[in-house]
Amino acid sequence: MNSGGRPTRPVAAGSNPPQTVSGSKALNQVQKLIFEIGTPRRTGVDLPEPKGTESRLGSMERKGDIGLPGLSEPETLRHYIRLSQKNYAIDLGVYPLGSCTMKHNPRLNEKMARLQGLADVHPLQPESTVQGALELIHELAHWITTLTGMPTVAMSPKAGAHGELCGMMAIRARLDADGESKRRRVLVPESAHGTNPATAVRCGFSVDEIPGTDQGCIHMETLREKLVHGDDIAGIMLTNPNTCGLFERDVIEIADLIHKTGGYFYCDGANFNALVGRVRPGDLGIDAMHLNLHKTFSTPHGGGGPGSGPTVLSEALKDYAPVPFVVKDGESYRLIEDADNRSFGRMCAFHGQMGMFIRALTYMMSHGADGLKQATEDAVLNANYIQASLSDVMTPAFGGLCMHEALFDDRFLRDTGIETLDFAKAMIDEGYHPMTMYFPMVVHGAMLIEPTESESREELDRFITSMRSLAERAGSGDVENFKAAPIHAPLRRLDETRAARNPILRWKPPDEPPKAAKQA
Ligand SMILES: *Cc1c(COP(=O)(O)O)cnc(C)c1O
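Keep in mind that this is a model prediction, so the values were computed, not measured.

*Asks:* Describe the overall build of the protein chain, naming the residues involved and giving the relevant values.
*Replies:* Counting its regular elements, the protein chain contains 15 helices and 13 strands. Scaling as 2.2 N^0.38, a compact globule of 520 residues should have a C-alpha radius of gyration of about 24 Å, and the protein chain matches this with 26 Å. Judged by the C-alpha coordinates and their principal axes, the protein chain covers about 75 × 70 × 45 Å. Of all 520 residues assigned to the protein chain, the portion counted as buried reaches 45%. Of all intrachain contacts in the protein chain linking residues separated by at least 6 positions in sequence, the fraction that spans at least 24 positions is 68%. Charged side chains in the protein chain number 55 positive and 65 negative. The centres of these two groups are separated by 6 Å.

Below, the structure is given as structure tokens:
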């Protein structure tokens, strides 16, 4: 049954799933790697032999086969369709990955993004021919600055982490312009997303960690202490709602304190979907914050992209924003491409992720201001519904209400021999993508569930029923099945230790035995 030579866990003792000759399981077809099914000489196209062309490659001409898999068009299609059927997707079911905001991508967004006049624009077209596209960027920027209550937004960052880089580079540029280059320390709560400290370090800052309280929020006493000798503090990077899914109630005091010290307040806005229409970051004293259009405003994400991380900047930082940006001149739009002496420069070749801009603006305009607020409220309601419905069988990490995601720890698994990982794998058998595991790291065996506003009451109830039954099965000591899970998935549990220790990252033809990647 082991189709591709990948390690699988043995089937649990006592269970005896029927085998098939093909290895396929009903509609779930066994599929080898594309290199293993192709025949080098086969091709899906029929082109005439080129005549009268002489190779100019000389000795550089390839002698052997190019080594691409040769498949006909139906074979190619089947290959990718079969693979796609092994995927989980937001269009298949609940995708409760906390911190990732896997909400429904409305099809209207897709329709707008495919309009010929938008889909086919090229970033190097003359300005006069892309007035509509520039107007769209300008309009989206207007929605973003209105929703956040901030004076300006840099549109070009292409992901959340890229937006962090934009904000921290603006802070650094401002500090340097003010002759404050000794300010190189950035305070980061220990619950922060890993991209926060990484960004700070990338910008030449050092990271000073602030612990959390046992209520899941930032430890204010420690923060105040650190600020006493704050001459070298560049700023703070704080997420609100934080990665425990909780609103940092002291946020205004934090902003005041950091400003008094002479530093700036970066807010990681990846969780803005819990605030839209309810709280304006500008009112909280924030200096810079990225938005993840691909989380909050429903543009598709996963598999590494594409993302879009527009970054709002305060009065203090707005002159340091990157180029290019769009300005409205009378009735027309212009792109400012050249940095004046204050802009910190350019983050990427062009203006940002146009396709994501179109989708996000479509989402905003089709919801309207009232609909965006409702989406926020529904997202928070759904998360609290899940937390309340599971709190007697699982263990919420903190008491009280949550924001847009519900955080559980592994206390309910204590002494069962079952771990967070086993529990998550068992969710696959129930037909669900697991929740975020082991993050935030401040909680033992964390399970972070973010349902988003997309899920109906009925869908949430089905999810809760599965989760409750898993929690009860775990409690009754069903260790063996949890350790063997997933049992019904096309591939069983991978040997994660071996995969990490001995990663095989490239397919090699059978006569070339695969070599392990070099260990660092
Ligand atoms: C998703 C996320 C990020 C990073 O965003 P990317 O678009 O993946 O770079 C940063 N911080 C938090 C809290 C996030 O949830």
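*Asks:* Let's hear about the site of the ligand: which residues, and what values?
*Replies:* Around the ligand, the surrounding shell consists of Ser99, Ala159, Gly160, Ala161, Glu164, His193, Thr195, Asp268, Ala270, Asn292, His294 and Lys295. Within the side chain of Asn292, a nitrogen or oxygen atom sits 3.1 Å from an oxygen atom of the ligand. Contact with the protein chains removes 85% of the 380 Å² of surface that the ligand exposes when unbound. Counting residues per element, the ones that place at least two in the shell around the ligand are helix H6 (160–177) and helix H10 (293–296). Counted by class, the shell around the ligand contains 3 nonpolar, 6 polar and 3 charged residues.

*Asks:* Let's hear about the environment of Ile418: which residues, and what values?
*Replies:* Counting through the fold element by element, Ile418 comes out in the loop between strand E11 (406–409) and helix H12 (420–429). Overall, the relative accessible area of 4% leaves Ile418 in the buried class. With 96 residues separating them along the chain, Ile418 and Pro322 place their C-alpha atoms 49 Å apart. When sequence neighbours within four positions are dropped, the list of residues in contact with Ile418 reads Leu413, Phe423, Ala474, Asp478, Val479 and Phe482.

*Asks:* Tell me about the sheet that holds strand E6 (residues 288–291), and please be specific about residues and values.
*Replies:* Strand order in the open sheet formed by 7 strands is E1-E7-E6-E5-E4-E2-E3, with mixed pairing between adjacent strands. Here the strands that pair on one side only, and so sit at the sheet edges, are strand E1 (152–154) and strand E3 (206–210). Strand-to-strand twist of the sheet, defined as the mean angle between neighbouring strand axes without regard to direction, takes the value 25°. Across 5 bridges, the pairing between strand E2 (residues 185–189) and E3 is parallel. Along E3, the bridge assignment pairs Val188 with Glu209.

*Asks:* Requested: an account of the domain arrangement of the protein chain, with residues and values cited.
*Replies:* The domains assigned to the protein chain are domain 1 (108–365) and domain 2 (369–501). For the pair domain 1 and domain 2, the number of links is 1 salt bridge. Taken together, the links from domain 1 to domain 2 amount to 7 residue pairs in polar contact (both at pLDDT 80 or more). For the side of domain 1 that touches domain 2, the elements supplying multiple residues, two or more each, are helix H5 (131–148) and helix H11 (354–390).

*Asks:* An account of the layout of surface pockets is requested, with residue identities and associated values reported.
*Replies:* Reported here for the second largest pocket is a volume of approximately 460 Å³. Around the second largest pocket, the lining is made up of 27 residues, and of these Thr152, Val153, Phe325, Val326 and Val327 lie nearest the centre. The leading source of residues in the lining of the second largest pocket is H5, at 5 residues. For the lining of the second largest pocket, the residue count by class is 16 nonpolar, 7 polar and 4 charged.

*Asks:* Residue-level account of the pairing of strand E8 (residues 325–329), with values.
*Replies:* In this structure, E8 lies alongside strand E9 (residues 332–336), joined through 5 bridges in antiparallel fashion. Opposite Val326, over in E9, you have Leu335 as the bridge partner. Between E8 and E9, which pair antiparallel in sequence order, lie 2 residues; one of them, Gly330, sits at a positive phi of approximately 65°.

*Asks:* Pulling in residues and values, what's your account of the sheet that holds E11?
*Replies:* Read across the open sheet, the 4 strands follow the order E10-E11-E13-E12; overall the sheet is antiparallel. Of all the strands in the sheet, just strand E10 (395–396) and strand E12 (436–437) have a single pairing partner and so form its edges. Relative to strand E13 (residues 447–449), E12 runs antiparallel, the two being bridged by 2 bridges. The residue of E13 that forms the bridge with Met437 is Met447. H11 contacts E10, E11 and E13 of the sheet and is inclined by roughly 30° relative to E11.

*Asks:* Describe the nonpolar core, with residues and values.
*Replies:* Within soluble globular proteins, side chains that are nonpolar tend to cluster in buried spots. Among the nonpolar cores identified, the biggest contains 56 residues, and Leu140, Ile144, Ile236, Phe265, Phe297 and Met364 are the most heavily contacted of them. Secondary-structure elements contributing two or more residues to this core are H5, helix H8 (220–228), strand E4 (233–239), helix H9 (251–261), strand E5 (264–269), E6, E9 and H11. Counting residues per element, this core draws most heavily on H11, which supplies 10 residues. Counting the residues that make up this core, at least three belong to each of domain 1 (108–365) and domain 2 (369–501). Residues contacting Phe265, with those up to four places away along its chain left out, are Ile236, Leu238, Val251, Ala255, Ile258, His259, Leu284, Gly285, Ile286, Asp287 and Ala288.

*Asks:* Give a detailed account of the environment of Arg278, specifying residues and quantitative values.
*Replies:* On the secondary structure map, Arg278 appears in the loop between E5 and E6. According to the relative accessible area criterion, Arg278 is exposed, its value standing at 53%. Remark: the alpha-carbon pair of Arg278 and Thr376, spanning 98 residues in sequence, is separated by 8.0 Å. Excluding residues within four positions of it along the chain, Arg278 makes contact with Lys373, Thr376 and Glu377. A polar atom in the side chain of Arg278 sits 2.8 Å from the side chain of Glu377.

*Asks:* With reference to specific residues and values, describe the pattern of salt bridges.
*Replies:* Tallying each qualifying case throughout the model produces 32 salt bridges. With a shortest N-O distance of 2.9 Å, Lys103 and Glu453 are connected by a salt bridge. Of this pair, Lys103 sits in the loop between helix H2 (73–85) and helix H3 (107–113) while Glu453 sits in the loop between E13 and helix H13 (457–475), and the two are 350 residues apart along the sequence. Here Glu180 ties to Arg183 by a salt bridge, and the two come within 3.3 Å at their closest N and O atoms. What makes Glu180 partly exposed here is its relative accessible area of 22%. A single salt-bridge network, built from bridges that share partners, covers Arg185, Asp208, Lys226 and Asp232.

Cut-offs used in this document
Numbers given to residues run from 1 along each chain, matching the order in which its sequence is written. Whole-chain, interface and lining totals are the exception, using all residues; otherwise, since this is a predicted model, local features are given only for residues with pLDDT of at least 70 and side-chain atom pairs are given and counted only at 80 or more. The side-chain numbers reported here are obtained from all heavy atoms of the structure, hydrogens and water having been left aside. A run of DSSP states H or I qualifies as a helix once it reaches four residues; a run of E qualifies as a strand once it reaches two. Both are numbered from the N-terminal end. For the radius of gyration, the atoms used are the C-alpha atoms, and the globule rule reads 2.2 Å times the number of residues raised to 0.38. Relative accessibility decides the category of a residue: with a 1.4 Å probe and only protein chains considered, values under 20% of the type maximum give buried, values over 50% give exposed, and everything between is partly exposed. Any two residues whose heavy atoms approach within 4.5 Å are treated as being in contact. Only four residue types enter the tally: Lys and Arg on the positive side, Asp and Glu on the negative side, with His and both chain ends excluded. Just so you know, the charge point we use is NZ for Lys, CZ for Arg, CG for Asp and CD for Glu. Definition of nearness: a residue and a molecule or strand are near each other if at least one heavy atom of the residue lies within 4 Å of the molecule or strand. Within 3.5 Å is the distance limit for a polar contact, defined as a pair of N or O atoms, with the added protein rule that one can donate a hydrogen and the other accept it, and that residues adjacent in sequence qualify only through two side-chain atoms. Shrake-Rupley sampling with a 1.4 Å probe provides the accessible areas, and residues are treated as covered by the protein chains on show and by no other component. Ten residue types, Ala, Val, Leu, Ile, Met, Phe, Trp, Tyr, Cys and Pro, are classed as nonpolar, four, Asp, Glu, Lys and Arg, as charged, and the remainder, Gly among them, as polar. We call two strands paired when DSSP finds no fewer than two bridges between them. Note on geometry: axes are lines fitted to C-alpha atoms, helical ones only across the stretch in contact, with angles between N-to-C directions running from 0 to 180 degrees. Start and end positions for the domains come from either an automated domain assignment or a database one. Throughout this description, the term salt bridge denotes a Lys or Arg side-chain nitrogen within 4 Å of a carboxyl oxygen of Asp or Glu. In the cavity and pocket records, a cavity denotes points on a 1 Å grid over the protein atoms alone where a 1.4 Å probe fits but cannot get out, a pocket denotes an open set with protein on both sides within 12 Å along at least 5 of 7 lines, and lining residues are residues with an atom within 4 Å of a point. Grid points are joined across faces, edges and corners, and a volume is the space filled by probe spheres set on the points. Here the nonpolar core consists of buried residues drawn from Ala, Val, Leu, Ile, Met, Phe, Trp, Tyr and Cys, with membership extended through side-chain atoms lying within 4.5 Å.

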